[in-house]
Amino acid sequence: MGAPGVGKGTQAVRLAMILGAPHISTGDILREAVKGGTDLGRKVRSFLEAGKLVPDGLMGDLIQDRMSKDDAGAGFILDGFPRTLDQVHILDGVLENLGAVLDGAYILAAPEGEIVRRLTGRRICPGCNAVFHLDSRPPKAPGVCDECGSALVQRPDDTEAVIRDRLEVYEAQTRPVADAYRQRGQLVEIDGLGDPDEITARLENSLKESRAQ
Ligand code: AMP
């Protein structure tokens, strides 16, 4: 968890690689659906473009489908879900059906000014989902993905006006999710400022500690 742009996608991909677990990003799944023009994509497009949350009913079906795939059987990193209290209950139900237990709910924190700076400079690759930043992780050739050569784009929800809306949505709807996990003693707060390698190390150490207990 964490505000938009705090680095949760970047860190979730790294943790998934380290742990050999699938990275399940609801944002990526929804963007793929929009790009592919599927039924789901048509239903969710306007929510994504406006930076609003997709209704919980649709999210419940999506997460249920994704987590019942074979690769999720031995564990997974969830990125961007749950984002509302109803989604916390949906996840509880899915985990129970799978006979799985949550290792922890990790939240990355960074000041708002830093988040706006990161998001407005973010560029993504529509070909392979790689993430770049104009200042802190520029591509080797301007506007071109280092990994697959596709032209980089700015997400339509990474413009300043939509970012402000997404931060408001986050405060109103996702903060209570963090509070719910805090009450359950499962929330782990991680400083999201600094070098991405350092942040990964913080997450990894904390995960090791919680698994050793
Ligand atoms: P993200 O890539 O995680 O920032 O998600 C991008 C957008 O996808 C969000 O602004 C929402 O419109 C939608 N989205 C992603 N995850 C969820 C979720 N768990 N619940 C509702 N909407 C979501």
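Above this text is the structure in question.
Residues numbered from 1 in each chain as written. Predicted model: local features only at pLDDT ≥ 70, side-chain atom pairs only at ≥ 80, totals over all residues. Heavy atoms only, no water.

1. Focus: the packing of helix H5 (residues 85–98) against helix H7 (residues 160–183)
Step number 1: Where H5 meets H7, the axes come as close as 8 Å, and the angle between the chain directions of the two elements is 45°. Between H5 and H7, the angle is such that the two are oblique. Two secondary-structure elements touch here, H5 through Leu85, Val88 and Leu91 and H7 through Pro176, Val177, Ala180 and Tyr181.
Step number 2: Grouping the constituent residues of the contact of H5 with H7 by class yields 7 nonpolar, no polar and no charged. (Axes fitted to C-alpha atoms, helices over the stretch in contact; angles between N-to-C directions. Helix = DSSP H or I, 4+ residues; strand = E, 2+ residues; numbered from the N terminus. Parallel < 35°, antiparallel > 145°, perpendicular 65-115°, else oblique. Contact = heavy atoms within 4.5 Å. Nonpolar A, V, L, I, M, F, W, Y, C, P; charged D, E, K, R; others polar.)

2. Digging into the packing of aromatic side chains
Each pair of aromatic rings is reported with the distance of its centres and the angle of its planes.
Step number 1: If you walk through the whole model with that rule in mind, you get 0 aromatic pairs.
Step number 2: The ring of Phe132 has Arg137 sitting right over it, with the charged end atom 4.6 Å from the ring centre. (Phe/Tyr/Trp six-rings, centres within 6.5 Å; stacked < 30°, edge-to-face > 60°. Lys NZ or Arg CZ within 6 Å of the ring centre and 35° of its normal.)

3. As for the packing of helix H1 (residues 8–19) against helix H8 (residues 196–212)
Step number 1: Running from N to C, H1 and H8 point in directions that differ by 55°, and their axes come no closer than 10 Å. In this view, H1 runs oblique relative to H8, as classed from their interaxial angle. Handedness of the crossing formed by H1 with H8: right-handed. Contact residues: H1 offers Gln11, Arg14, Leu15, Ile18 and Leu19, while H8 offers Pro196, Asp197, Ile199, Thr200, Leu203, Glu204, Leu207 and Arg211.
Step number 2: Split into classes, the residues belonging to the contact of H1 with H8 amount to 7 nonpolar, 2 polar and 4 charged. (Left-handed = near helix turned anticlockwise from the far one by under 90°.)

4. Things to note about the nonpolar core
Step number 1: One finds Met1, Leu30, Met67, Tyr181 and Leu187 to be the most contacted residues of the largest nonpolar core, which totals 31 residues.
Step number 2: At the level of elements, helix H2 (26–36), helix H3 (39–50), helix H4 (56–67), H5, strand S3 (105–109), helix H6 (112–120) and H7 are the ones that each hand at least two residues to this core.
Step number 3: The biggest single contributor to this core is H7, with 6 residues.
Step number 4: Look past the residues within four positions of Leu187 in its chain and what remains in contact with it is Met1, Ala105, Ile107, Ala178, Tyr181 and Arg182. (Core = buried A, V, L, I, M, F, W, Y, C linked by side-chain atoms within 4.5 Å. Buried < 20%, exposed > 50% of the residue type's maximum accessible area, 1.4 Å probe, protein only.)

5. Some thoughts on the pattern of salt bridges
Step number 1: Here the structure, examined in full by the defined rule, presents 21 salt bridges.
Step number 2: For Glu32, the salt bridge identified is with Lys35, shortest N-O distance 3.7 Å. Of the two residues, Glu32 and Lys35 are both situated in helix H2; the distance of 3 residues between them amounts to about one turn of the helix.
Step number 3: Residue classification places Glu32 among the partly exposed positions, given a relative accessible area of 39%.
Step number 4: Among the residues examined, Lys35 registers a relative accessible area of 52% and is labelled exposed.
Step number 5: For the salt bridge of Glu114 with Arg117, the shortest nitrogen-to-oxygen distance reads 3.4 Å. (Salt bridge = Lys/Arg side-chain N within 4 Å of Asp/Glu carboxyl O.)

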